[in-house]
Amino acid sequence: QPGNVVNPFRRIIQQTTVVVGHLDSIDEQNQLVIAKRKNNELIELHYDSLIIALSQKSNIATIPGMAAHACLIDSVADALRIRQRVLDLVEEAEFEEDSAEQVRLLSFAVLGFGECASAIAVEISQILRAAESSYTVLQRLGWQVHLFDEQGLLSSDFENKMSIRRAKSLKKAGVIEHLHEDITSITQRHLFFANGQSQPVGLVINAALQLPTLPFKHAGELSGAFAINDKLRLLAFNNIWITETEKSLAHAQFVFTRDRVDLGCSAGFNAWAHSQGYASRPYKQKNYVIKPYTLGQYSLCCLGWLVISGKPAWFFSRLTNLLSVPGLERNLRIIIDWFLVLAFRNDIAVLSQATSSKLQMLHFKAGDEIFAQGDAAEMAYAVDSGQLKVLQDGRKIRDLGPGDYFGEIMPTHESKRIETVRCVTDCELKLVSQEDLKALLKSGWLMGKAIRNLSTHKAEHELFEEPLGMKRLTYVSKLNAVMTQEEILEIGRISSENNKKRDVTGVLISVRDYFFQVLEGDAVIVDALVEKISRDPRHNEVTILSAETACEERLFTEWGMKTVALSESNDLMLLAIGMMLQNIAQSYNAVGRYTQPALLKYLMEGVNPLTIPIKSTEKIVVSGSMTDLSGLYQTFFTKELVVVINAYLDICSTSFIEYGGQVAKYADACVIAHFSPDEVDAAIAACVDAETKFKVFVANNSLYSRVLCGFGIASGIMIEGNIGSSVKMDYTVLGEVVDQAVNLGVLARDNDRRLAVSEAVHNKAADSWCFDTATTSAIAVPETFAQVYVLADS
Ligand SMILES: Cc1cc2nc3c(=O)[nH]c(=O)nc-3n(C[C@H](O)[C@H](O)[C@H](O)COP(=O)(O)O)c2cc1C
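Below you will find a few notes about this structure. Remember, predicted model here, so these are calculated numbers, not experimental data. (Residues numbered from 1 in each chain as written. Predicted model: local features only at pLDDT ≥ 70, side-chain atom pairs only at ≥ 80, totals over all residues. Heavy atoms only, no water.)

Right, let's get into the sheet that holds strand β30 (residues 505–511). Strand order across the open sheet formed by 5 strands is β32-β29-β31-β30-β33, with mixed pairing between neighbours. With one partner strand each, in any of the chains shown, β32 (539–551) and β33 (562–565) form the two edges of the open sheet. Averaged over all adjacent pairs, the angle separating strand axes in this sheet is 10 degrees, with direction ignored. Contacting β30, β31 (514–522) and β33, helix α15 (residues 485–502) runs over the sheet at an angle of about 170 degrees to β33. Contacting β29 (470–479), β31 and β32, helix α16 (residues 523–534) crosses the sheet at an angle of about 155 degrees to β31. (Pairing = 2+ DSSP bridges. Helix = DSSP H or I, 4+ residues; strand = E, 2+ residues; numbered from the N terminus. Axes fitted to C-alpha atoms, helices over the stretch in contact; angles between N-to-C directions. Contact = heavy atoms within 4.5 Å.)

In structure tokens:
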């Protein structure tokens, strides 16, 4: 229970100051733990010895759609929300008329492995069983709890030993176990499998857990296999201990609650002994006689060689866990709790918590200020009644009325209010905490969706890493060769069949040389499908015309893929439609060529680029410079000059993109691109590639034999975003690092070298690249550069 977690903890360790916060980073050089408290205040705690006790957190990145559609179970609050959601779905099913939809609403899926995922599946089954007597739909149709277990991949010896008994217990609990089922994607309503099958689901729970990363300030993030000695000390540091064993990190190891207590005691003792100059003691896992495997009322327990199950096992497992919890009062309370559970069945009325209690109602008078620009931002608000206005720098920017939401914090605005909100009339507002709002919005649950649909301003979408909900995408493409009507209808038939499985609808029209297609469905699925379709050799020049996200309704509900092949007819109208498509395709291609790739990417994802906030990100910036144009104007005719500039820009852009970079801008005959911070070697290789190709071009075109080029690479914080005026807006990059890269490129070019890099880039580059310092290669470096390295001639 939420209230019991932190409070008894304080009572158990009375001579300790307890600070509850979110770990931001560990500054191991200055021995500081930097934590963020609930009110967003950053605090620094000095340590002599640091003991880290990790708990597993959800692994959200494994399957497409998992982050968006599977509920996490990281905290007590998550567990309570899942319980509430299960009951909401039962309630929904009770009023649903379509029986297939009822079955979907009453199907639950748990993804994960081992004891934890099994226990969650059993728990959900128990909730449903307890609800059975109150809901006729459960009595009539039953329910399904599916457990998708990646067993075998990560299970420990102990779990392997228990697997047969566990399967029996799960079966008794009403859980359907699926082993090694390869889930390929998840949507709001379905799980999709590698064999093309799908499973309708009402709720998916992500119980795939992993150890979190440790954010060290100087040593970087440590994740997975930490190197630990047998005294539980992290080997890289002298004074940091961790309550894990190297063995348990390297191989799947079953960790009992009592092992956790032992690990804590051992790490604590060794940290203390180290600080006092005493000898540390190696940690050794004990072999306990009673080994519990907790699955609620279907628990198992090994007593030596005997495995017992059901209530006695549940009693023994709880008893052993209880014995490891200190404090008599707490133990007594837990025992009373158990007797109550044993004596009385769970009552559905007790289970149903009122969500409205989370929302606090506030009353304001006309003229009251809810918050002012620059205030620390903590809460979000929903307007129940009344009118408000939102002001920015003294100017009114919008009105708010009943049903509107405001005050949510954008990640980019660093928790300061960017607006002032004032009441125009008396108002009733509901208060929602940022945490709750974000959790709801991110959860992908219906409530989150409802809030998103209610919200009127676009900027709120920035709260999500990926846009949730339905996507509608339209494209035109050009046929690669003439196709018969039958061949086109065959594409439609296969598409329709496939799309129905993925819950995708739409229309495919073929007119003369062109295809026009609309696809609508879950965003993740549609993106993956378009990616696949664009690789189809039957057509080319796939040009996305529009991409709408968070669509509320489908336009083509009845068809998996309605296909119309118009090309066989000579009708004048069709000729006109054909020409129209051709024009659209050509003009979009032209727009595509005039637009920066980064911008094009946003447009194709359906994001309005003007709403993207300015970003500051660490990047490797690469610049390629051709001989100064002012010198070339005198040597060449304009036409000749354009040929060499185009060739240079083309060679550089192609090489940069090929090696994973993004072309950001052209400035005269200079190309600027950027790579992510860990791609130094790819950036160097891209420059070498472009230089070699340009040399070949020059060698084949003797007219340009005196045109030189040089490349520069710098690393640092780059600013990216919309910069410009009301007349012309550019999506561009700038910053000191960009200037530095350009200057390095010019330096290399003017000294007839291929590439010059800054010191930071040199330090990150692989040893296989050979660099000279500017001094040894007799290059005059302007004073503004600390140290410059030039790539040695191969
Ligand atoms: C213009 C065009 C539109 C297509 N639309 C779809 C579609 O909506 N859904 C689909 O599954 N396949 C579509 N396809 C076919 C896919 O590219 C692919 O051939 C098909 O999905 C079979 O893939 P598989 O062999 O991997 O199962 C389309 C192909 C073309 C040329």
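Now that the structure has been shown, we can carry on.
The full set close to the ligand counts 17 residues, and Ser495, Asn499, Gln517, Lys532 and Asp536 are the nearest of them. Ser495 has a polar side-chain atom sitting 3.4 Å from a nitrogen atom of the ligand. Side-chain polar atom of Asp536 to an oxygen atom of the ligand: 2.6 Å apart, as the coordinates give it. Taking 620 Å² as the accessible area of the ligand by itself, protein coverage stands at 76%. Of all the elements in the fold, those that place two or more residues in the shell around the ligand are α15, β31 and α16. (Near = heavy atom within 4 Å. Polar contact = N/O pair within 3.5 Å; in protein donor to acceptor, adjacent residues only side chain to side chain. Areas by Shrake-Rupley, 256 points an atom, 1.4 Å probe, with all protein chains shown as cover.)

Enumeration according to the criterion identifies 23 salt bridges in this entry. Residue Glu531 is joined to Arg535 by a salt bridge in which the shortest nitrogen-to-oxygen separation is 3.5 Å. Since its relative accessible area comes to 47%, Glu531 is described here as partly exposed. With a relative accessible area of 59%, Arg535 lands in the exposed category. Linking Arg749 and Asp750 is a salt bridge whose minimum nitrogen-to-oxygen distance equals 3.0 Å. By relative accessible area, which is 9% here, Arg749 ends up buried. (Salt bridge = Lys/Arg side-chain N within 4 Å of Asp/Glu carboxyl O. Buried < 20%, exposed > 50% of the residue type's maximum accessible area, 1.4 Å probe, protein only.)

Another point: the nonpolar core. Met626, Phe656, Phe694, Phe711 and Ile713 are the most contacted members of the largest nonpolar core, which totals 42 residues. Sorting the residues of this core by element identifies β34 (615–626), α19 (629–635), α20 (638–658), β36 (670–675), α21 (680–700), β37 (709–724), β39 (755–758) and β41 (788–791) as the ones contributing at least two each. With 40 residues, the next largest nonpolar core counts Leu87, Ala117, Ala207 and Tyr293 among its residues. (Core = buried A, V, L, I, M, F, W, Y, C linked by side-chain atoms within 4.5 Å.)

It is worth spelling out the environment of Arg502 at this point. Counting through the fold element by element, Arg502 comes out in helix α15. What Arg502 contacts, discounting residues up to four positions off in sequence, is Phe192, Ile525, Leu529 and Lys532.

Another aspect to go through is helix α9 (residues 257–276). With 20 residues, α9 extends 29 Å between its outermost C-alpha atoms, agreeing within 8% with the 28 Å of an ideal straight helix rising 1.5 Å per residue. For α9, the complete set of buried residues consists of Arg258, Asp259, Asp262, Leu263, Ser266, Ala267, Asn270, Ala271 and Ala273. Its buried side turned inward, α9 meets β4 (50–52), β17 (240–242), β18 (290–293) and α10 (310–323). (Expected span 1.5 Å × (residues − 1).)

With that out of the way, let us pick up the side chain of Asn499. Tracing the backbone through its elements, the reader meets Asn499 in helix α15. Non-local contacts of Asn499, meaning those with residues more than four positions away in its chain, are made with Val504, Leu519, Leu529, Gly560 and Met561.

Before going further, it helps to examine the packing of α20 against α21. The geometry of α20 relative to α21 is characterised by a closest axis approach of 8 Å and an angle of 150 degrees between their N-to-C directions. By the angle between their directions, the pair α20 and α21 is classed as roughly antiparallel. Handedness of the α20/α21 crossing: right-handed. Residues Val644, Ala647, Tyr648, Ile651, Cys652, Ser655, Phe656 and Glu658 of α20 touch α21, and the partners they reach there are Ala686, Cys687, Asp689, Ala690, Lys693, Phe694 and Phe697. Taken together, the residues of the contact of α20 with α21 sort by class into 11 nonpolar, 1 polar and 3 charged. (Parallel < 35°, antiparallel > 145°, perpendicular 65-115°, else oblique. Left-handed = near helix turned anticlockwise from the far one by under 90°. Nonpolar A, V, L, I, M, F, W, Y, C, P; charged D, E, K, R; others polar.)

One non-glycine residue, Gln31, lies in positive phi territory at about 50 degrees. Along the chain, Gln31 falls in the loop between β1 (22–27) and β2 (32–36). By relative accessible area, which is 24% here, Gln31 ends up partly exposed.

What follows deals with the sheet that holds strand β10 (residues 183–186). Read from one edge to the other, the open sheet built from 3 strands follows the order β10-β11-β12, with strand pairing classed as antiparallel. Every interior strand has two partners, whereas the edge strands, β10 and β12 (198–200), have only one. This sheet shows a mean twist of 20 degrees between the axes of neighbouring strands, independent of strand direction. As judged from the 3 bridges shared by strand β11 (residues 190–193) and β12, these two strands associate in the antiparallel manner. Opposite His190, over in β12, you have Pro200 as the bridge partner.

Moving on to the packing of aromatic side chains. Taken as a whole, this structure holds 14 aromatic pairs when the rule is applied. Judged by centre distance (5.7 Å) and plane angle (35 degrees), the rings of Phe148 and Phe193 are tilted. Separated by 45 residues along the polypeptide, Phe148 in strand β8 (residues 144–149) and Phe193 in strand β11 bring together distant segments of the chain. With a centroid separation of 5.9 Å and 20 degrees between ring planes, the pair formed by Phe694 and Phe697 is classed as stacked. Taken together, the residues Phe694 and Phe697, both in helix α21 and 3 residues apart, mark about one turn of the helix. Pairwise contacts between aromatic rings join Phe636, Tyr648, Phe656, Phe694, Phe697, Tyr704 and Phe711 into one cluster. The ring of Phe371 is capped by Arg417, whose NZ or CZ atom sits 3.8 Å from the centre of that ring. (Phe/Tyr/Trp six-rings, centres within 6.5 Å; stacked < 30°, edge-to-face > 60°. Lys NZ or Arg CZ within 6 Å of the ring centre and 35° of its normal.)

Where β1 meets β2, 5 bridges bridge the pair, whose relative direction is antiparallel. When the bridges of β2 are listed, Asp27 appears paired with Leu32.

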